[in-house]
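The primary structure of each chain is shown beneath.
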Amino acid sequence: MELLMPRPAFKPVRRQGGLVLFVTLIVLIAVTLGTIAIVRSMDTSNVISGNFAFKQAAMQASDRAITDALNNLPTIVAAAGGNTNVASRYYSTRQAPIDTLGIPTVVNWASVDCRDEDNNACDPAVDNGRYRIQYVIERQCAANPDLADMADIKAKCDYEVVQATPPEAIAVRYRVIVRVQGPRNATGMYEVMLSGPAA
């Protein structure tokens, strides 16, 4: 004997109003906008990280210039006799006027010796992505002193006492102004004060 099961009654299909499609499109647009925001945020973070890396590398390059200036200071000052400027390298007195960065306007960076991180001469025709380093030294004297007169040196120059007991010894202050140029036309200006002989 066969059992007959009742057939389910089919309901007529209603016409869909498209509400699910509309909600899906809104969610898809929201997800797309969120994705774009995340990509832009990551791109901005990468640019900031890159700029920070350029700044750090420029500071390291300036350290090489400062070390070079410290090592060459006695030779440069002695070659100039202390009271004579060396073109685009050494100024025997504080230079004025200065620009908004505090750099003397007399400095013509186009004529200042340029070196890369490996101490090779820069080639301005070739931008190979290396850091280009330049520096000038400015003795911190208001006017050229009589180098044989300790009192005159003290009166005209910034100095520090190296040895207070007789015979007294002083060291004159020098400002080293460093310019570092790097990738993407980035330029950094640095300065440091050193002490050294008056002549």
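Q: When you look at the state of the cysteines in this model, what are you seeing that I'm missing?
A: Here is the idea: a disulfide is a covalent bond, and it sits between the sulfur atoms of two cysteines. Across all of its chains, the model carries two disulfides by this definition. Between Cys114 and Cys122 runs a disulfide, and the two sulfur atoms are separated by 2.2 Å. Where Cys114 bonds to Cys122 through sulfur, the torsion about that S-S bond is close to -70 degrees, and the disulfide is left-handed. According to the relative accessible area criterion, Cys114 is buried, its value standing at 16%. With a sulfur-sulfur separation of 1.9 Å, Cys141 is cross-linked through a disulfide to Cys157. Across the S-S bond of Cys141 and Cys157 the torsion is about 100 degrees, and the bridge reads as right-handed. Of this pair, Cys141 sits in the loop between β2 (132-139) and α2 (150-156) while Cys157 is found in the loop between α2 and β3 (159-163), placing the two residues 16 residues apart along the sequence. The buried category is assigned to Cys141, whose relative accessible area is 0%. Looking at Cys157, the relative accessible area reads 5%, which means it is buried. Here the bonded cysteines of the chain are numbered in sequence order, and their pairing is 1-2, 3-4.

Q: Where do I start with the environment of Glu138 in this structure?
A: In this structure, Glu138 sits in strand β2. When its relative accessible area of 3% is taken as the criterion, Glu138 is described as buried. Counting along the chain gives 39 residues from Glu138 to Ile177, while the straight-line C-alpha distance between them is 7.9 Å. Beyond its immediate stretch of four places on either side in the chain, Glu138 contacts Tyr91, Thr93, Arg94, Gln95, Pro104, Arg173, Tyr174 and Arg175.

Q: Help me understand a nonpolar patch on the surface, please; the structure alone is not making it clear to me.
A: Taken together, the side chains of Leu19, Phe22, Val23, Ile26, Val27 and Val31 make up a nonpolar region of the molecular surface, amounting to roughly 590 Å² of accessible area. Tracing the chain through its elements places Leu19 in helix α1 (residues 19-80).

Q: Sorry, what's going on with the packing of aromatic side chains here?
A: How two aromatic rings sit relative to each other is set out by the distance from centre to centre and by the angle between their planes. Across all of its chains, the model carries one aromatic pair by this definition. For the pair Tyr90 and Tyr174, a centre-to-centre distance of 6.5 Å together with 40 degrees between the ring planes defines the contact as tilted. A residue pair is termed long-range when its members are at least 10 positions apart, and Tyr90 in strand β1 (residues 90-91) and Tyr174 in strand β4 (residues 169-181) qualify at 84 residues. Take Tyr90: its relative accessible area is 0%, and that puts it in the buried class. Under the relative-accessibility criterion, Tyr174 is labelled buried at 0%.

Thresholds applied
Residues numbered from 1 in each chain as written. Predicted model: local features only at pLDDT ≥ 70, side-chain atom pairs only at ≥ 80, totals over all residues. Heavy atoms only, no water. Disulfide = S-S within 2.5 Å. Buried < 20%, exposed > 50% of the residue type's maximum accessible area, 1.4 Å probe, protein only. Helix = DSSP H or I, 4+ residues; strand = E, 2+ residues; numbered from the N terminus. Contact = heavy atoms within 4.5 Å. Patch = residues over 30% accessible without salt bridge, like charges linked within 9 Å, V, L, I, M, F, W, Y side chains within 5 Å. Areas by Shrake-Rupley, 256 points an atom, 1.4 Å probe, with all protein chains shown as cover. Salt bridge = Lys/Arg side-chain N within 4 Å of Asp/Glu carboxyl O. Phe/Tyr/Trp six-rings, centres within 6.5 Å; stacked < 30°, edge-to-face > 60°.

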